[in-house]
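Here's the letter readout for the chains.
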Protein chains: 2
Amino acid sequence: MIQIIYRFVLLVAVWISLCVTATAQELIPISEYPGIETLGERKVPAPVGVSPEMLKIVVSRQIPPFVPAPTSEEDWLKLQAIFDVPGGEVGLASAERLGVTYEVKEIAGVRCYVVTPKEIGDRFADVFFVHIHGGAFVFGGGDSALREAVWAAAGLKVRVISVDYRRPPLHPFPAAVDDTVAVWRALIKDQDPAATALFGTSAGGNIVLASTLKLKQLGLPLPGALFAGTPATDLANKTDTWYTLEGLDPLGSREGLIQGAMDLYAGETDISDPLVSPVNADVTGFPPTILFSGTRDLLLSDTVRMHRSLRAAGVPADLHIYDAQTHGDYLQGLTQFLPESDDALLELQDFFDEHLK
Amino acid sequence: MIQIIYRFVLLVAVWISLCVTATAQELIPISEYPGIETLGERKVPAPVGVSPEMLKIVVSRQIPPFVPAPTSEEDWLKLQAIFDVPGGEVGLASAERLGVTYEVKEIAGVRCYVVTPKEIGDRFADVFFVHIHGGAFVFGGGDSALREAVWAAAGLKVRVISVDYRRPPLHPFPAAVDDTVAVWRALIKDQDPAATALFGTSAGGNIVLASTLKLKQLGLPLPGALFAGTPATDLANKTDTWYTLEGLDPLGSREGLIQGAMDLYAGETDISDPLVSPVNADVTGFPPTILFSGTRDLLLSDTVRMHRSLRAAGVPADLHIYDAQTHGDYLQGLTQFLPESDDALLELQDFFDEHLK
C-alpha cells in the first residue's frame with residue numbers, strides 16, 4: 001500500500017508536469033464559519049495503541065502534495081487511466097496471493113467481477129455478497145475493484161460480486177447507483193436479499209448507502225445488512241475531521257482532486273441530494289449497518305455523523321473506530337499481515353452472522 | 001458549563017498566583033517515539049454536523065492555559081477544595097432545575113449520594129444504578145458528584161447511588177476502587193446485580209472499569225451493564241488523540257495538572273497496573289458496555305482502544321462518537337437543552353433496556 005502511495009505521488013508529479021491548469025478549490029470559505037480555532041504547529045509521535053505491524057505502516061506514511069483537480073474531461077480520463085493501473089496490479093496480485101479466483105461477467109448489462117475464494121464457508125454457501133469499490137467516485141474501477149472484493153471474499157469465505165459501475169467523467173451520478181440497483185435486481189431473483197450483504201469503503205460506502213436509499217424509494221427488497229467503511233457521506237460540506245486531522249492522513253486534503261471528483265460525480269444533481277450525500281437521507285427502515293473508521297481518518301466525521309443518523313432512525317448500527325488508522329487502513333491486510341485488518345474481518349463476520357438471514 | 005470553564009480559568013489564575021512552584025511535566029519524551037509527524041498551524045472552523053445548540057457551545061469554547069501540577073500534599077488539598085466549589089454549585093442547581101432530590105447516606109462506611117428523580121420508570125422501579133463521578137481522580141467529589149448522577153437519574157428515570165469515593169492526595173488507589181466495591185457488596189444484598197448498571201465519565205469511567213475488574217478478581221457478581229463515558233483507560237501513556245486534538249478540547253493538555261493527578265492517584269501502584277490503566281486488563285467476561293466519546297475529545301484514543309479491547313474479549317460493547325464533541329460534552333445537557341445530550345440518554349436507555357435483566 002505504501003508502494004501505491006509512492007507510485008501515486010510519482011504519477012501525480014508526472015501528471016502535474018503535463019501542465020494541467022488548475023488551482024486549489026476552496027469549499028466553503030473559512031471566513032463564513034463562526035468560531036474558528038487556530039491550532040498551532042505540533043509534533044505528533046507514533047501512537048502507542050496499535051500493533052507492531054500497524055506501527056510500521058504509521059511511521060512510513062507519506063502525506064502527498066496538493067493535487068489539483070483536472071479541468072477538462074480529457075484530463076480526467078487521462079488521470080483515471082493512470083490511477084487505475086497500480087490499483088489493478090494490487091487487485092490481481094492479491095487475488096493470486098490469497099488464492100481467490102475471479103471472472104468478469106456482465107450482469108444486467110453491468111460489468112462485474114465475480115470473485116470466488118479458495119474456501120467458502122457453510123454459512124454463505126448459497127449467496128454472493130455485493131461489493132461497491134471506492135476511489136473517490138472516479139477511480140478504483142476495473143481490476144482495482146478486486147482489492148476490497150478479494151479482501152472480503154478471502155476473509156469472510158464468501159463469494160462476492162463486485163460492481164464495476166460506470167464512472168465520471170463520462171457517467172456521473174446516478175450511473176453508479178443505477179448500475180448497483182440493476183445488479184441487485186438481477187441477483188435477488190436467485191438469492192434471498194435478507195441473506196445478502198452490500199458493502200464498500202469510502203466512495204463505495206457512499207454508493208452502498210445511496211443505493212439502499214434508492215432501493216427503498218423503489219420499494220424493492222433491501223439487503224440484509226450493510227457494511228459502510230469510512231463512507232463519504234457529505235459531499236457538500238468539508239466536515240470537521242477534514243480540518244482537525246489534516247496532515248495525518250495520506251488522503252491529503254479535501255480541496256483539489258477530491259472535491260473535484262465529488263463535484264464531477266454529482267454532475268447536474270444537487271450535491272446535497274440524499275442520494276449523493278447520504279448523511280441527508282431518511283434512513284428509516286435501513287438494514288443493520290456496520291461502520292469502520294480511524295482516529296486519524298479524514299472521513300471520521302462523515303462516518304460518525306452517518307452512524308448518528310442511522311441510530312436516530314432506530315437502525316441497528318455498530319461503529320468501530322481504530323486508533324491512529326487513516327482512511328481505509330483496515331484494508332491494508334490485503335497485502336500484508338495486519339492484526340487490525342483481521343480484527344475488522346472478525347467484526348464483519350460477527351455482524352453478518354448476527355444480522356443476515 | 002462555559003461558566004464553569006471561566007471560573008476554572010479564573011481559579012487557576014488565582015491559584016498560580018499563590019506561587020505554587022511547578023514545571024511542565026513531560027510524559028514520554030517525544031524524541032523516544034519513532035515516526036513523528038509535524039502538523040503545521042491550521043484554521044479549524046466550527047463544525048457543520050452538530051445541532052445549533054451544540055454549535056453555540058463549540059464557538060464559545062476556551063482552551064485554558066497550561067496548569068502545572070501542585071508539588072505538595074498541601075497544595076493539592078487547596079486546589080481540590082477550590083475546584084470542588086463550582087462543581088458542587090452546578091450539582092445542586094441542576095438537581096433543583098430537574099426536580100431531582102437527594103440525601104447523603106453512608107453505605108458500607110462510604111459517603112454516598114442517594115439521588116431520586118421526580119419520576120421513576122416502571123422499568124427501574126426496584127433498582128438503584130451506581131454512579132462513579134469524574135474529575136481527574138482528585139476532583140469532582142462532594143456535591144460535584146451530583147452532576148452526572150442528576151443527569152442520569154432525571155434522563156433515565158432511575159434512582160442513582162453516587163459513590164463519593166475517597167480521593168488523593170490523602171487516599172490514592174486503591175481507595176476509590178475499594179469504596180466502589182464496598183458499596184456494590186452492600187447494594188447487591190438487596191437488589192439483583194444483573195439488573196444494575198454501573199456508570200461514570202472520565203476518571204469515573206476508569207473507576208467503573210477497574211472496579212468491575214476487581215469484582216471479577218474477587219469472584220463477586222458483576223453489574224448487568226456498564227456505561228463508561230470517555231474513560232481515561234491508559235494513565236501510563238499519552239495516547240494518540242492527546243497529541244492530534246490538542247488545542248481543540250477545553251481539557252487542555254495531558255502534561256501538568258492532569259498527568260500529575262493521574263500519578264497522584266496511582267500512588268505506590270504501578271501506573272500500568274490493569275486496575276489503574278484498565279486498557280491493560282483482561283476483560284473477558286465483562287458485562288455489556290456502552291462507551292461515548294467525540295471527534296474533538298482528547299480521550300478519544302483511550303476510549304476506542306478500550307472498545308477494541310472489550311470487543312477482542314468478546315464483550316458486547318457499543319461505541320457512540322459525537323461529531324466535534326470534546327471531553328464529556330454530552331453531559332452539558334445538565335444545564336441547558338442540548339439535543340446531543342438527549343440523544344446520549346436515549347442510547348443509554350436503549351442499551352440498558354436491552355442488556356439489564
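Analysis parameters
Residues numbered from 1 in each chain as written. Chains lettered and ligands numbered in written order. Predicted model: local features only at pLDDT ≥ 70, side-chain atom pairs only at ≥ 80, totals over all residues. Helix = DSSP H or I, 4+ residues; strand = E, 2+ residues; numbered from the N terminus. Rg over C-alpha atoms; globule rule 2.2 N^0.38 Å. Buried ≥ 20, exposed ≤ 12 C-beta atoms within 10 Å, placed from the backbone. Contact = placed C-beta atoms within 7 Å. Pairing = 2+ DSSP bridges. Axes fitted to C-alpha atoms, helices over the stretch in contact; angles between N-to-C directions. Nonpolar A, V, L, I, M, F, W, Y, C, P; charged D, E, K, R; others polar. Least-squares fit on C-alpha atoms with pLDDT ≥ 70 in both. pLDDT = per-residue confidence, 0-100. Expected span 1.5 Å × (residues − 1). Bend = angle between axes of the 7 residues up to and from the residue. Right-handed = clockwise from strand over helix to strand, strands pointing away. Left-handed = near helix turned anticlockwise from the far one by under 90°. Parallel < 35°, antiparallel > 145°, perpendicular 65-115°, else oblique.

Focus: the overall build of chain A
Now for step 1: A tally of regular secondary structure across chain A gives 10 helices and 10 strands.
Now for step 2: Computed over C-alpha atoms, the radius of gyration of chain A comes to 19 Å, within 12% of the 21 Å expected from 2.2 N^0.38 for 357 residues, which places it in the range of a compact globule.
Now for step 3: With respect to the principal axes defined by its C-alpha atoms, chain A has extents near 55 × 45 × 40 Å.
Now for step 4: Taking all 357 residues of chain A together, 55% fall into the buried category.

Some thoughts on the environment of Val127(A)
Residue and element names in this part refer to chain A.
Now for step 1: With respect to the secondary-structure elements, Val127 resides in the loop between strand E4 (110–116) and strand E5 (128–132).
Now for step 2: In this structure, the C-alpha to C-alpha distance between Val127 and Asp263, residues 136 residues apart in sequence, is 35 Å.
Now for step 3: Setting aside chain neighbours within four positions, we find Val127 in contact with Gln191, Ala195 and Thr196.

A closer look at the sheet that holds strand E6 (residues 159–163) of chain B
Residues and elements named next belong to chain B.
Now for step 1: Strand order in this open sheet of eight strands is E3-E4-E6-E5-E7-E8-E9-E10, and the pairing throughout is mixed. Unpaired on one side and paired on the other, strand E3 (101–107) and strand E10 (317–322) mark the two borders of the sheet. Each strand of the sheet is rotated relative to its neighbour by a mean of 20 degrees, with strand direction disregarded.
Now for step 2: Sheet analysis places E3 next to strand E4 (residues 110–116), joined by seven bridges and oriented antiparallel. From the neighbouring strand, Val104 faces E4, where its bridge partner is Tyr113.

Some details on the interface of chain A and chain B
Now for step 1: The interface of chain A with chain B comprises 45 residues on the first partner and 45 residues on the second.
Now for step 2: Those elements that place two or more of their residues in the side of chain A that touches chain B are strand E1 (37–39), strand E2 (42–44), helix H2 (52–59), helix H7 (240–244), helix H9 (300–312), strand E10 (317–322) and helix H10 (339–355) of chain A.
Now for step 3: In terms of residue count, H9(A) provides more of the side of chain A that touches chain B than any other element does, six residues in total.
Now for step 4: Broken down by class, the residue content of the side of chain A that touches chain B amounts to 21 nonpolar, 12 polar and 12 charged.
Now for step 5: Here three bridges tie E1(A) to strand E2 (residues 42–44) of chain B, and the two strands are oriented antiparallel to one another. The residue bridging Leu39(A) from the neighbouring strand is Arg42(B), located in E2(B).

As for the relation of the copies chain A and chain B
Now for step 1: Between the two copies, chain A and chain B, the superposition gives an RMSD of 0.0 Å; the rotation angle is 180 degrees and the shift along the axis is 0.0 Å. Interpreted geometrically, this transformation is the action of a two-fold axis. The rotation axis passes nearest to the C-alpha of Glu41(A) in chain A, at a distance of 2.3 Å.
Now for step 2: By residue overlap, the copies meet face to face through one surface: 100% of the interface positions of chain A are interface positions in chain B.

With respect to the confidence of the model for chain A
Low pLDDT marks stretches whose predicted atomic positions should not be read closely.
Now for step 1: Averaged over every residue, the pLDDT of chain A is 91; the share at 70 or more is 90%.
Now for step 2: Low pLDDT, under 50, characterises residues 1–26 of chain A; the stretch is placed with 38 contacts to residues that sit more than four places away or in other chains.

Quick notes on the environment of Ala153(A)
Residues and elements named next belong to chain A.
Now for step 1: Within the element layout of this structure, Ala153 appears in helix H4 (residues 146–156).
Now for step 2: When the 30 C-beta atoms within 10 Å are taken as the criterion, Ala153 is described as buried.
Now for step 3: In this structure, the C-alpha to C-alpha distance between Ala153 and Thr101, residues 52 residues apart in sequence, is 9.9 Å.
Now for step 4: Ala153 has contacts with Val100, Val115, Pro117, Val158, Arg159 and Val160, leaving out every residue within four places of it along the chain.

What about helix H3 (residues 73–97) of chain B?
All names here are of chain B.
Now for step 1: The terminal C-alpha atoms of H3 lie 36 Å apart, and with 25 residues this matches the ideal 36 Å at 1.5 Å per residue to within 8%.
Now for step 2: Of all the bends in H3, the largest measures some 25 degrees and sits at Val85, one to four residues before the proline Pro86.
Now for step 3: Among all positions in H3, only Trp76, Leu79, Gln80, Phe83, Asp84, Gly87, Val90, Gly91, Ser94 and Ala95 are buried.
Now for step 4: One or two steps after H3, the chain reaches Gly99, where phi turns positive at roughly 65 degrees.

Comments concerning the sheet that holds strand E6 (residues 159–163) of chain A
Residue and element names in this part refer to chain A.
Now for step 1: The eight strands are arranged E3-E4-E6-E5-E7-E8-E9-E10 in an open sheet whose pairing can be described as mixed. In this open sheet, the two edge strands, each paired with only one partner strand, are strand E3 (101–107) and E10. Adjacent strand axes in the sheet meet at a mean angle of 20 degrees, parallel and antiparallel pairs treated alike.
Now for step 2: In this structure, strand E9 (residues 289–294) lies alongside E10, joined through six bridges in parallel fashion. Within E10, the residue paired with Thr289 across the bridge is Ala317.

A few points about the environment of Ile82(A)
Now for step 1: Note on placement: Ile82(A) falls in helix H3 (residues 73–97).
Now for step 2: Considered as a pair, Ile82(A) and Asp353(A) are 271 residues apart in the sequence and their alpha carbons are 39 Å apart.

Topic: the pairing of E10(A)
Two faces, one strand: in a regular strand the side chains alternate between the faces of the sheet.
Residue and element names in this part refer to chain A.
Now for step 1: Counting buried residues along E10, six of its six residues qualify, which places the element largely inside the surrounding structure.
Now for step 2: Alternating residues of E10 divide into Ala317, Leu319 and Ile321 and Asp318, His320 and Tyr322, and every residue in both groups is buried.
Now for step 3: Traced from E9 through H9 to E10, the parallel crossover comes out right-handed.

Quick notes on unusual backbone geometry
Now for step 1: With an omega of 10 degrees, the peptide bond between Pro168(B) and Pro169(B) qualifies as cis.
Now for step 2: The residue after Phe173(B), namely Pro174(B), is reached through a cis peptide bond having omega 10 degrees.
Now for step 3: Tracing the backbone shows Pro174(B) in the loop between E6 and helix H5 (175–187).
Now for step 4: For Phe137(A), which is not glycine, the phi dihedral falls at a positive 75 degrees.

A look at helix H6 (residues 203–218) of chain B
Residue and element names in this part refer to chain B.
Now for step 1: Its 16 residues give H6 an end-to-end C-alpha distance of 22 Å, which sits within 8% of 22 Å, the value for a rise of 1.5 Å per residue.
Now for step 2: Most of H6 sits out of view: 12 of its 16 residues are buried.
Now for step 3: Among all positions of H6, only Ala203, Gly204, Gly205, Asn206, Ile207, Val208, Leu209, Ala210, Ser211, Thr212, Leu213 and Leu215 are buried.
Now for step 4: At its buried positions, H6 is contacted by strand E5 (128–132), H5, strand E7 (197–201) and strand E8 (225–229).
Now for step 5: A positive phi of about 70 degrees marks Gly219, the residue just after H6.

A look at the packing of H5(B) against H6(B)
All names here are of chain B.
Now for step 1: For the pair H5 and H6, interaxial distance at closest approach is 9 Å and the crossing angle is 65 degrees. The interaxial crossing formed by H5 with H6 has right-handed handedness. Where H5 abuts H6, its residues Ala176, Val177, Thr180, Val181 and Trp184 lie against Ile207, Ala210, Ser211, Lys214 and Leu215.
Now for step 2: Grouping the constituent residues of the contact of H5 with H6 by class yields seven nonpolar, two polar and one charged.

Things to note about the packing of H3(B) against helix H4 (residues 146–156) of chain B
All names here are of chain B.
Now for step 1: Running from amino to carboxyl end, H3 crosses H4 at an angle of 20 degrees, the nearest separation of the two axes being 8 Å. In this view, H3 runs roughly parallel relative to H4, as classed from their interaxial angle. For the pair H3 and H4, the sense of crossing is left-handed. Touching Gly87, Val90, Gly91, Leu92, Ser94 and Ala95 of H3 are Leu146, Arg147 and Val150, all from H4.

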